[in-house]
Amino acid sequence: MKTIYILWNYDVDEPIMASTDKSLLEECMCDFFMEDYANDCNWECYQKKSPPTKKTLAYIADENWYGVLDFYNTYLDIVESPVVE
């Protein structure tokens, strides 16, 4: 029996994408994570009134990394489903 893998977002209870190749979905999930992380860091820097210092940048990077990671661990998962033919 064939299996399909689904990248599922439990926050909105919807599928993001599906594939017969689980490693492809894992790679896409990693790419999405890095994009979300970069966007969060950029948004934090944009909201600052003055240019951030090295210490501020390190704090922003650390806080956003764990914030995005927490979201992904809580709301995103790859689930398996048999294909009905």
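Residues numbered from 1 in each chain as written. Predicted model: local features only at pLDDT ≥ 70, side-chain atom pairs only at ≥ 80, totals over all residues. Heavy atoms only, no water.

Chemist: I tried to follow unusual backbone geometry on my own but got confused; where do I start?
Modeler: Negative phi characterises most residues that are not glycine, and trans characterises most peptide bonds. With a phi angle near 55 degrees, D13 is a residue other than glycine that sits in the positive phi range. Note on placement: D13 falls in the loop between strand 1 (3-9) and strand 2 (14-19). (Helix = DSSP H or I, 4+ residues; strand = E, 2+ residues; numbered from the N terminus.)

Chemist: Would you explain a nonpolar patch on the surface in this entry?
Modeler: Among the surface-exposed residues, Y10, F71 and Y75 lie close enough to one another that they form a single nonpolar patch of about 260 Å² accessible area. Relative to the helices and strands, F71 is located in helix 2 (residues 54-75). (Patch = residues over 30% accessible without salt bridge, like charges linked within 9 Å, V, L, I, M, F, W, Y side chains within 5 Å. Areas by Shrake-Rupley, 256 points an atom, 1.4 Å probe, with all protein chains shown as cover. Salt bridge = Lys/Arg side-chain N within 4 Å of Asp/Glu carboxyl O.)

Chemist: Which parts of the structure should I look at to understand the pairing of strand 1?
Modeler: When a strand is regular, its side chains alternate between the sheet's two faces. Sheet analysis places strand 1 next to strand 3 (residues 76-82), joined by seven bridges and oriented antiparallel. Considered in strand 3, the bridge of Y5 is made with E80. Across five bridges, strand 1 lies against strand 2 in antiparallel orientation. Its bridge partner lying in strand 2, I6 is registered against A18. Following strand 1, the chain reverses through four residues before pairing antiparallel with strand 2; D13 in that reversal takes a positive phi of roughly 55 degrees. (Pairing = 2+ DSSP bridges.)

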